[in-house]
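Architecture and fold: a report
Letter by letter, the chains look like this.
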Amino acid sequence: MSKHAELHYEGKVYKLPVIEGTEHETALDISKLRDETGLITLDIGYKNTGATQSAITFLDGEEGILRYRGYGIEDLAEHADFLEVAHLLIYGELPNKATLDKFERDISRRTLVHEDIRKIFDGFPANAHPMGVLSSLVCSLTAFYPGHRTVEEMDLTIVRLLAKLPTLAAWSYRNGMGHPLNYPNNNLNYCANFLHMMFAYPTEDYEVNPVVVDALDKLLILHADHEQNCSTSTVRIVGSSQVGLFSAVAAGINALWGPLHGGANQEVIEMLERIKADGGNVKKYVDMAKDKNSGFRLMGFGHRVYKNFDPRAKIIKKACDNVLAALKIDDPALNIARQLEEYALKDEYFISRKLYPNVDFYSGIIYRALGIPTNMFTVMFALGRLPGWIAQWREMVLAKEPIGRPRQVFVGKPHRPFVPLASRA
Ligand code: ACO
């Protein structure tokens, strides 16, 4: 007989099927629990709740393993490029040469956005955060490009979004600077084109540095998917109401923005700068992070699912050394980061809670070396995460998953009689 667990409740025994994934992780299937027992489960923050069965990303937080469609993140970061990985995540397989060429061509043909979208930028104040601008603009795409009805139309929407997000992201930055917006150059590859839109000016020559392109490509791969995290769950749950991809991804961008999620990369650099300005005393900040009353956390440390080294952080740390050496940059923030990591990893508080550096700890230092301004760090994360959001949305749509609708345990006032305004105290 297949595995099951038993629930003993009010004199009855209920059998709950146990589901096993391909990597032998197990789950209790409670989909009939309420119908059969009247009970729901309560799991605030979804710490133990599986929201779907997914074939995209496998993550083992205890062992520090991350795989996209079966391929180790280390191999992909070393040998693949970002659009190959995007294809892998979205369609399930690494593309062959002909498929990849077509995928790249389809994307590069669509990098322009409707000219009227430029006018939307005029409405934003100069100091608007680029994440807020980006999510608004992605949502605005719903007004310019039709939704999908067929699988072919779905693929066109996917290609459009992959093509246009770098344009919108770079324009969010340039507009905030009050600088002219750069049109895409489709002779350049995905990352080089983004850098061109960010940094080229009509007043001087600009050549994209291959070291910078490679580093950016690797960073985007490392961020490309991370199974059911906060922003991805947002994309799936918003998408489950059958709004289109643009609306679902705009919601995902907003979820990513928060400091406990993708916004942490900006917070890390700000924290390192603060420590540096304060004399570089890492002990003081580790002590502060341990003090629950301080309201301070070590940004870039800890993770909901990794209770071991985040494998992405290991790769990024190495890449960070390589990029800074190749670009001949000496960033004192890197020294502070190293000292902070070394100090925290020996501290009982961090050891006992299994708090390790996460993907955001070193990524900001690389972004800064690449010339990316601090308020664009989370936008870079969004560019990287886009294929994952798309893949997860597509999987959910094709599986015809029902609308996401959690339940609750009500703890408010029970029924009480209405009090007319004149009688209220
Ligand atoms: N600094 C100090 N203490 C921490 C930190 C930290 N960065 N992270 C967790 N803790 C402590 C908590 O205070 C808690 O201690 P307690 O058991 O004594 O109460 C314990 O470790 C467990 O932490 P939780 O907040 O319960 O863990 P949760 O899984 O809910 O949070 C999170 C994970 C949000 C990532 C958390 O570790 C954090 O806030 N880190 C800093 C922000 C950050 O780097 N976010 C990026 C995450 S990666 C990503 O989203 C891409």
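These numbers were taken from a predicted model, which means no experiment stands behind them. (Residues numbered from 1 in each chain as written. Predicted model: local features only at pLDDT ≥ 70, side-chain atom pairs only at ≥ 80, totals over all residues. Heavy atoms only, no water.)

Each helix and strand counted, the chain has 18 helices and six strands in total. Here the chain has a C-alpha radius of gyration of 24 Å; the compact-globule value for 425 residues is 22 Å, and the two agree. Counted over contacts in the chain with a minimum sequence separation of 6, partners at least 24 positions apart contribute 70%. Distance from the positive charge centre (48 side chains) to the negative charge centre (51 side chains) of the chain: 6 Å. (Helix = DSSP H or I, 4+ residues; strand = E, 2+ residues; numbered from the N terminus. Rg over C-alpha atoms; globule rule 2.2 N^0.38 Å. Contact = heavy atoms within 4.5 Å. Lys, Arg positive; Asp, Glu negative; His and termini not counted. Charge placed at Lys NZ, Arg CZ, Asp CG, Glu CD.)

All right, on to the side chain of T57 then. With respect to the element layout, T57 can be found in strand β4 (residues 57-60). In terms of polar contacts, T57 uses its side chain to reach the side chain of D225, at 2.6 Å. (Polar contact = N/O pair within 3.5 Å; in protein donor to acceptor, adjacent residues only side chain to side chain.)

Moving on, we get to the domain arrangement of the chain. Domain boundaries assigned for the chain yield domain 1 (4-50), domain 2 (71-259 + 386-398) and domain 3 (264-370). A separation of 37 Å is found between the C-alpha centroids of domain 1 and domain 2. (Domains from an automatic or database assignment.)

With that settled, consider the site of the ligand. Contacts to the ligand come from 21 residues, most closely from R297, L298, G300, R304 and Y349. With respect to the ligand, the side chain of K292 contributes an N or O atom lying 2.9 Å from an oxygen atom. Between the ligand and the protein, one listed contact pairs an oxygen atom with a side-chain N or O atom of R353 at 3.0 Å. When the ligand is considered free in solution it has 920 Å² of accessible area, and contact with the protein chains removes 78% of it. Taken together, the residues that form the shell around the ligand break down as ten nonpolar, five polar and six charged. (Near = heavy atom within 4 Å. Areas by Shrake-Rupley, 256 points an atom, 1.4 Å probe, with all protein chains shown as cover. Nonpolar A, V, L, I, M, F, W, Y, C, P; charged D, E, K, R; others polar.)

The strand order across the open sheet built from three strands is β4-β5-β6, with neighbouring strands paired in antiparallel fashion. The two strands at the open ends of the sheet, each matched to only one other strand, are β4 and β6 (71-72). Pairing geometry for β4 and strand β5 (residues 65-68), over four bridges, is antiparallel. Bridge assignment links F58 to a residue of β5, and that residue is R67. (Pairing = 2+ DSSP bridges.)

Pairing in this open sheet of three strands is antiparallel, and the strands run β1-β2-β3 from one edge to the other. The open sheet has two edge strands, β1 (4-9) and β3 (26-28), and neither has a second partner. Sheet twist, expressed as the mean angle between neighbouring strand axes with direction ignored, is 30°. One ladder, built from six bridges, connects β1 with strand β2 (residues 12-20); its direction is antiparallel. Bridge pairing in β2 places L7 opposite Y14. (Axes fitted to C-alpha atoms, helices over the stretch in contact; angles between N-to-C directions.)

Using the criterion set out here, one finds 13 aromatic pairs in the structure. Aromatic side chains Y91 and F103 sit 6.3 Å apart centroid to centroid with 85° between the ring planes, which places their arrangement in the edge-to-face category. In this pair, Y91 is assigned in helix α3 (residues 82-91) and F103 in helix α4 (residues 97-108), connecting sequence segments twelve residues apart. Look at Y91 and you get partly exposed, because its relative accessible area is 26%. Under the relative-accessibility criterion, F103 is labelled buried at 6%. For the ring pair F199 and Y206, a centre distance of 6.5 Å and an interplane angle of 50° mean the geometry is tilted. On the basis of relative accessible area, F199 is assigned to the buried category, the value being 16%. (Phe/Tyr/Trp six-rings, centres within 6.5 Å; stacked < 30°, edge-to-face > 60°. Buried < 20%, exposed > 50% of the residue type's maximum accessible area, 1.4 Å probe, protein only.)

On the surface, a cluster of positive charge is contributed by K47, R304, K307 and K354. Of note, K354 is situated in the loop between α16 (348-352) and α17 (360-369). A relative accessible area of 44% means that K354 is categorised as partly exposed. (Patch = residues over 30% accessible without salt bridge, like charges linked within 9 Å, V, L, I, M, F, W, Y side chains within 5 Å. Salt bridge = Lys/Arg side-chain N within 4 Å of Asp/Glu carboxyl O.)

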